[in-house]
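What follows is the residue order along each chain.
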Amino acid sequence: MSSQLSTRLEERQGLADAVRAADRVVIPMLQRHSSSASAFWDVAEDVHSRDVLTLYLTDPWGSAAGDFALGDLRDERRLERGVNELIGEMISPRRPGESRERIELIDTLTSADQLERLRMRLGQIPNIGRARLQLHNQVRLVPQKPEKYLLTDFAIEVDEPFAKAVRDSAVGCGFRLREDVVLIKREGVREGLSRLIDQHFRDGEPKPDFALCFRLRDRQTIHLLEVSREAVAFGDGGLDGFGFSARGLIPHAYSLKLYLANPDDLYAAARVNPDHPLFHDLRGGNCEFLRPDDGGEAFRKEFSDLMRV
């Protein structure tokens, strides 16, 4: 297998060459863990106009995305460490029915003592070692207040059964939680998805008869399923998504995972892979229906048997 590069990355020859060189490390690592995984590279700029290379890994059960600087690609040890973390994140959701929650903290000035209290409180949660806890944050020094740190983009990702205990720990240490609504409910997201679906049709791709989002609790990635009678039917029961950057396409989203299925393949996937997150969410009513925009009435009528699988 080989990775794919976005169009804008292909246009940056120096960066594209560096990514292809890094793939000599990345691809063998990925193949050791998943023969069905795919890799996709993209490039964007951070707030300081520095290049950020994003690697998206996807397989039938999970996905992961991580940012790398050019220097990370040239340092084999740092590259291997970052890729190993992504592979672990991608394959860890393989346990049926298990979901993750991302608990975000409001940006704040904090002290080393407060951060240490949080670390200790999290460590005291029963069985926390089984929670697959991951911390995402940026800590910056504040020259005007040398005893404080500016904590930004702080999030704690954890298996759902541990989410309440993690929230209580963070609040108990004086942090405030960001209580934003799920991605699909945030301003501009539905409109962005509608434009994307329309663009697929204009580009000559299969016209979606139905479009819906599932895995709504994912705070970074939009999971979009398009069902089209015009799509090729493979008959293998696979329901694999293809992940790519959502930057510039969907407000507030970090990445987007697109699933395209013929109706026959949707039924085949339900038989072969009934524990796929899509079917859990359909049965649990945890979906947002985009096409037609009728709250799922037409989909439930068309796929009444599927809803009982």
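Refer to the structure presented above.
Cut-offs applied
Residues numbered from 1 in each chain as written. Predicted model: local features only at pLDDT ≥ 70, side-chain atom pairs only at ≥ 80, totals over all residues. Heavy atoms only, no water. Buried < 20%, exposed > 50% of the residue type's maximum accessible area, 1.4 Å probe, protein only. Helix = DSSP H or I, 4+ residues; strand = E, 2+ residues; numbered from the N terminus. Pairing = 2+ DSSP bridges. Contact = heavy atoms within 4.5 Å. Axes fitted to C-alpha atoms, helices over the stretch in contact; angles between N-to-C directions. Phe/Tyr/Trp six-rings, centres within 6.5 Å; stacked < 30°, edge-to-face > 60°.

Our focus in this paragraph is the pairing of strand 12 (residues 255-261). Counting buried positions along strand 12 yields six of seven residues, so the element is predominantly enclosed. As paired strands, strand 10 (residues 221-227) and strand 12 are joined by seven bridges and run parallel to one another. Considered in strand 12, the bridge of Val227 is made with Ala261.

As summarised here, the arrangement of the four strands in space is 1-2-3-4, forming an open sheet in which the pairing is mixed. In this open sheet, the two strands that pair with only one neighbour each are strand 1 (4-5) and strand 4 (63-68). Bridge count for strand 3 (residues 51-58) against strand 4 is six bridges, and the pairing is antiparallel. Residue Thr58 lies in a different strand from strand 4, and its bridge partner there is Ser63. With respect to the sheet, helix 2 (residues 13-31) is in contact with strand 1, strand 2 (38-45) and strand 3, its orientation differing from that of strand 2 by roughly 145°.

In this section: the packing of aromatic side chains. One pass over the full model with this rule turns up 12 aromatic pairs. With a centroid separation of 5.1 Å and an interplanar angle of 55°, the aromatic rings of Phe214 and Tyr259 are classed as tilted. Note that Phe214 is positioned in strand 9 (residues 210-214) and Tyr259 in strand 12, a separation of 45 residues in sequence. For the pair formed by Phe214 and Tyr259, the shared burial category is buried. On the basis of an interplanar angle of 40° and a centroid distance of 4.7 Å, the ring pair of Phe299 and Phe303 is categorised as tilted. Across the pair, Phe303 and Phe299 agree in class, each one buried.

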